[in-house]
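What follows is each chain in one-letter form.
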Amino acid sequence: MTVSGSTPSPYWVAATFNAAGTATSQKGRHTVVVDKPGADSSFDVSFPAHPDGARYVVLHSSTEFHNLIHNQTPTGFRLYTRKSTNAQGTEGEGDVSLVILA
């Protein structure tokens, strides 16, 4: 299926952002907004409401040892990165990549 001669992106959002919370790449249908709420190595990730509500598929990776998401809603979630000791902060570059399927 094509729309105006192009295939729609299979990703609701797809982005990479750095330890400061600045998006360095955006590739999905919608723009992701990342906010760093404080000195912790956590990020509030937001985007337009997903058609699957809060049950969308998220794929994420980081240059850090541990990363997880919490409080998934139709419009976002909080993502945490942690050091090898599970402490706050970064040991790598602090880059995070994520994809949410459409």
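It should be noted that the structure appears before, not after, this text.
Counting from 1, residues in each chain are numbered in the order their sequence is written. Two thresholds apply to this predicted model, a pLDDT of at least 70 for residue-level local features and 80 or more for giving and counting side-chain atom pairs, whereas whole-chain, interface and lining totals are computed over all residues. In computing side-chain values, all of the structure's heavy atoms are included and hydrogens and water are not.

An account of the sheet that holds strand β5 (residues 58-62) is requested, with residue identities and associated values reported.
Strand pairing within a sheet occurs via backbone hydrogen bonds; the two strands may be parallel or antiparallel. The pairing criterion for strands is at least two bridges between them, as found by DSSP. The way it works is that DSSP assigns letters per residue, a run of H or I at least four long becomes a helix, a run of E at least two long becomes a strand, and they are numbered from the N terminus. Strand order in the open sheet made by the four strands is β2-β1-β8-β5, with antiparallel pairing throughout. Only two strands of the sheet have a single partner each, and these edge strands are β2 (23-26) and β5. The average angle at which neighbouring strand axes cross in this sheet is 15 degrees, direction not considered. Axis angles are defined between N-to-C directions and span 0 to 180 degrees, where every axis is a line fitted to C-alpha atoms and, for a helix, only to the segment in contact.

For the sheet that holds strand β7 (residues 76-82), give the residues involved together with the corresponding values.
If you trace the four strands from one edge of the open sheet to the other, you get β3-β4-β7-β6, paired in antiparallel fashion. The open sheet has two edge strands with one neighbour each: β3 (33-35) and β6 (66-73). Pairs of neighbouring strands in the sheet enclose a mean axial angle of 25 degrees, with direction left out of account. When strand β4 (residues 42-46) meets β7, the two strands line up antiparallel, connected through five bridges. Note that in β7 the partner of Ser-42 across the bridge is Tyr-80.

Any chance you could break down the pattern of salt bridges for me, citing the residues and the numbers?
Each reported salt bridge corresponds to a side-chain nitrogen of Lys or Arg within 4 Å of a carboxyl oxygen of Asp or Glu. Counted by the stated rule, this structure contains two salt bridges. A salt bridge links Asp-40 to Arg-82, with the shortest nitrogen-to-oxygen separation between them at 3.2 Å. Of this pair, Asp-40 sits in the loop between β3 and β4 while Arg-82 sits in strand β7, and the two are 42 residues apart along the sequence. Relative accessible area decides the class of each residue, using a 1.4 Å probe on protein chains only: under 20% of the type maximum gives buried, over 50% gives exposed, and in between gives partly exposed. The class for Arg-82 is buried, based on a relative accessible area of 14%. A salt bridge links Arg-78 to Asp-44, with the nearest nitrogen and oxygen atoms 2.6 Å apart. One end of the pair, Arg-78, is in strand β7; the other, Asp-44, is in strand β4, with 34 residues separating them in the sequence.

Which residues make up the pairing of strand β8 (residues 96-101), and what are the values?
In this structure, strand β1 (residues 11-17) lies alongside β8, joined through six bridges in antiparallel fashion. Of the residues in β8, the one forming a bridge with Ala-14 is Val-99. By the bridge criterion, five bridges tie β5 to β8 in an arrangement that is antiparallel. Counterpart to Leu-59 in the pairing with β8 is Val-99.

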